[in-house]
Amino acid sequence: MMAKSPHQNILGKISYILFRTRWGGSLTVIALLTFWEFGSTFKLFHPVYIPKVTDIAQALYNVTVSGELPAHYTITLFRMSAGYCISVIIGVPCGLMIGYNRAVFNLTEPLIELCRPTPVSAVIPIVILLLGVGNEMKIFIVAWASFWPILVNVIDGVHGVDRTLMETARVFGATSWELFKKIILQAASPHIVTGMRVSIAISLIVTVIAEMLAGNNGIGFFVLDAERTFRIPEMYAGVFSLAVIGYLVNRIFVLLESSIMAWHKGLTSKEPK
Amino acid sequence: MNLLSVKNISKEFISPNQHTFAIEKIGFEVKEREFISVIGPSGCGKTTLLMMISGLMPPTSGEIILKGSKVDTPPPGLILLFQDYSRSLLPWRKVIKNVCFGLELKRQRRWLIGQDYKKQAEKYLEAVGLLKFKNHYPWQLSGGMQQRVAIARALACEPTLMLMDEPFGSLDAQTRAELEDFLLRIWERFHQTIIFVTHDIEEGVYLSDRVIVLAKSPSRIVKEFQNDLPRPRNQIETRSDPRFLEIRNEIHRIITQKEKDWGKENDGKEPPSKYLG
């Protein structure tokens with residue numbers, strides 16, 4: 001006799017997969033796409049403005065194979081990663097310094113609080129004026145937008161370092177450099193990674209916006225251009241591909257984070273205080 | 001010669017709307033290899049006292065002399081063990097690396113030249129009985145085990161003076177009794193000098209050679225006991241020794257009396273405890 005399991009009948013199994021595993025979420029997406037497909041097919045909504053999913057997939061396949069989409073993506077991802085890397089390279093050390101040194105913090109805090117909430121879209125005209133409409137402008141805008149979340153998170157991280165930890169290190173005779181390297185940098189690292197994750201999503205958004213505003217290449221340009229030239233399925237194809245790219249970028253980051261920050265995950269999941 | 005002399009130190013905390021006398025003219029001497037307990041009610045500035053002795057906080061007046069030199073920064077050979085072990089262990093390091101922490105620092109590297117500090121760390125992890133947990137993270141261990149890791153980390157630096165700030169305060173009674181005996185064995189084996197701060201009178205008497213009793217607000221020494229209970233101590237025999245009970249009751253009487261006096265002098269107001277503890 002087999003032991004009794006809660007999922008013996010078929011209904012039980014289905015409800016288990018739907019509500020207890022991660023597959024349920026994928027099914028939601030599939031269900032929505034199916035509804036979309038039939039909605040267009042049966043003219044529930046305008047099939048020209050909202051084409052069938054299969055047509056969008058076909059268009060996505062065509063622009064990918066023809067090399068049009070990959071070419072745009074190469075440029076977009078270059079701009080995005082260049083801007084993002086600049087913001088990390090500048091943002092992390094700046095945040096550490098501002099967080100560590102009270103005087104520097106007091107001097108820069110109002111400036112940060114003014115720049116941070118300024119909508120990046122409002123900054124773009126100034127940058128176009130100063131840097132033109134080429135790569136420099138786009139990379140600068142991306143770096144600018146992703147700089148602030150990194151900076152603020154790193155500062156918070158340094159400020160959040162437990163006093164007992166610092167005092168412990170000092171009792172053991174740690175020099176300021178050792179204190180910084182072995183305690184502050186480590187204890188703040190979860191915040192640093194959080195800032196970097198928030199920023200990478202922002203950098204993709206801002207790259208696309210910058211490409212839509214000026215220039216003649218990149219995925220942002222592609223989507224807008226498809227709309228203007230009435231290549232509607234291609235336009236949707238561009239947006240779909242962005243959804244997938246955005247998802248992948250975030251996913252990769254989360255995987256990296258959980259492998260590097262294993263201690264933090266264990267610590268926080270153990271003590272939900 | 002005395003290892004440590006605390007000479008008439010006082011500590012005031014001054015902030016715009018409050019002026020608190022935390023400690024008033026405390027002075028005592030500590031001989032090498034002595035085990036001293038400092039007992040006082042909570043909020044009587046015991047932690048402040050240890051912070052000053054360890055050089056983390058300067059006294060407002062008076063001075064502290066350790067091995068002939070004045071303490072103004074954390075001196076070598078002194079380790080302070082915090083009550084809050086979970087916050088003083090580095091959560092990103094495994095147990096063995098936590099014990100290594102002190103040894104990696106420049107100061108200790110000077111005397112560990114040519115020695116493998118991993119070996120040193122393992123030796124003391126062995127001494128606290130946690131060698132088989134060396135690859136765990138501290139937060140995977142129980143409270144008592146975490147405090148033992150913190151003790152091993154302190155011992156690995158081979159301090160001459162260990163300050164302990166209510167190290168067993170947040171542990172359950174049984175673990176606490178175990179760790180008390182464990183500490184006594186460690187002390188007999190490695191011969192450090194220990195200043196053990198606690199609000200638990202029995203714990204203080206059970207462990208020490210000498211008991212210093214503090215009263216609060218401002219904190220000052222009200223009495224010193226030479227504690228001549230026989231060693232080795234035993235949780236059952238020592239604690240039922242008539243002499244043990246005598247000392248314990250006497251300290252209890254002093255502390256409760258002082259609390260009452262304080263109430264009378266200050267119209268029954270609660271003592272200010274904002275900056276103390």
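Within every chain, residues take consecutive numbers counted from 1 along the sequence as written. Written order determines the labels here, with chains lettered from A and ligands numbered from 1. With pLDDT at 70 or above as the cut-off, local features in this predicted model cover only qualifying residues; side-chain atom pairs require 80 or more to be listed or tallied, and sums for whole chains, interfaces and linings still use all residues. With hydrogens and water excluded, all non-hydrogen atoms of the structure serve as input to the side-chain values.

Draft legend 1. The arrangement of the overall build of chain B in detail. From N to C terminus, chain B includes 10 helices and 10 strands. Relative to its length of 277 residues, chain B is compact, with a C-alpha radius of gyration of 19 Å against a globular reference of 19 Å. Along the first, second and third principal axes, the C-alpha set of chain B runs to 60 × 45 × 40 Å. Accessibility here uses a 1.4 Å probe with only protein chains present; expressed as a share of the type maximum, an area under 20% marks a residue as buried, one over 50% as exposed, and anything in between as partly exposed. In chain B, buried positions account for 55% of the 277 residues. Any two residues whose heavy atoms approach within 4.5 Å are treated as being in contact. Within chain B, contacts between residues at least 6 apart in sequence are counted, and of these 69% link residues at least 24 apart. For chain B, the accessible surface area stands at approximately 12,400 Å², while carbon and sulfur atoms represent 49% of it. Labels follow the DSSP assignment, with helices taken as runs of H or I lasting at least four residues and strands as runs of E lasting at least two, numbered in each case from the N terminus. It is over C-alpha atoms that the radius of gyration is taken, and the globule rule equals 2.2 Å times the number of residues to the power 0.38. Exposure was quantified through the Shrake-Rupley algorithm and a 1.4 Å probe, taking into account, for residues, occlusion by the shown protein chains and nothing else.

Draft legend 2. Main features of the sheet that holds strand β7 (residues 161-165) of chain B. All names here are of chain B. Reading across the sheet, the six strands line up as β6-β7-β8-β3-β9-β10 and stay open at both edges, with mixed pairing between neighbours. The outermost strands of the open sheet, each flanked by one partner alone, are β6 (78-81) and β10 (220-226). Direction aside, the axes of adjacent strands within the sheet are offset by 15° on average. Any two strands are treated as partners once DSSP identifies two or more bridges connecting them. With five bridges joining them, β7 and strand β8 (residues 193-198) adopt parallel strand pairing. Its bridge partner being in β8, M162 is matched across the sheet by I194. For every element, the axis is a line fit to its C-alpha atoms; helices are fit only across the contacting stretch, and the angle between N-to-C directions ranges from 0 to 180 degrees.

Draft legend 3. Spotlight on the sheet that holds strand β5 (residues 69-70) of chain B. Residues and elements named next belong to chain B. Judged by pairing direction, the sheet is antiparallel, and its four strands sit side by side in the order β2-β1-β4-β5 without closing on themselves. Edge positions in the sheet fall to β2 (18-30) and β5, since each has one partner strand and no second. Pairing between strand β1 (residues 4-15) and β2: nine bridges, direction antiparallel. For I14, the partnering residue across the bridge sits in β2 and is H19.

Draft legend 4. Focus on the side chain of A:E178. Structurally, A:E178 is set in helix α9 (residues 176-213). A polar side-chain atom of A:E178 sits 3.0 Å from the main-chain amide nitrogen of A:T175. Each polar contact in these results corresponds to two N or O atoms within 3.5 Å; when the atoms are within protein, one needs to be able to donate a hydrogen and the other to accept it, and residues that are neighboring in sequence are counted only if both atoms are side-chain atoms.

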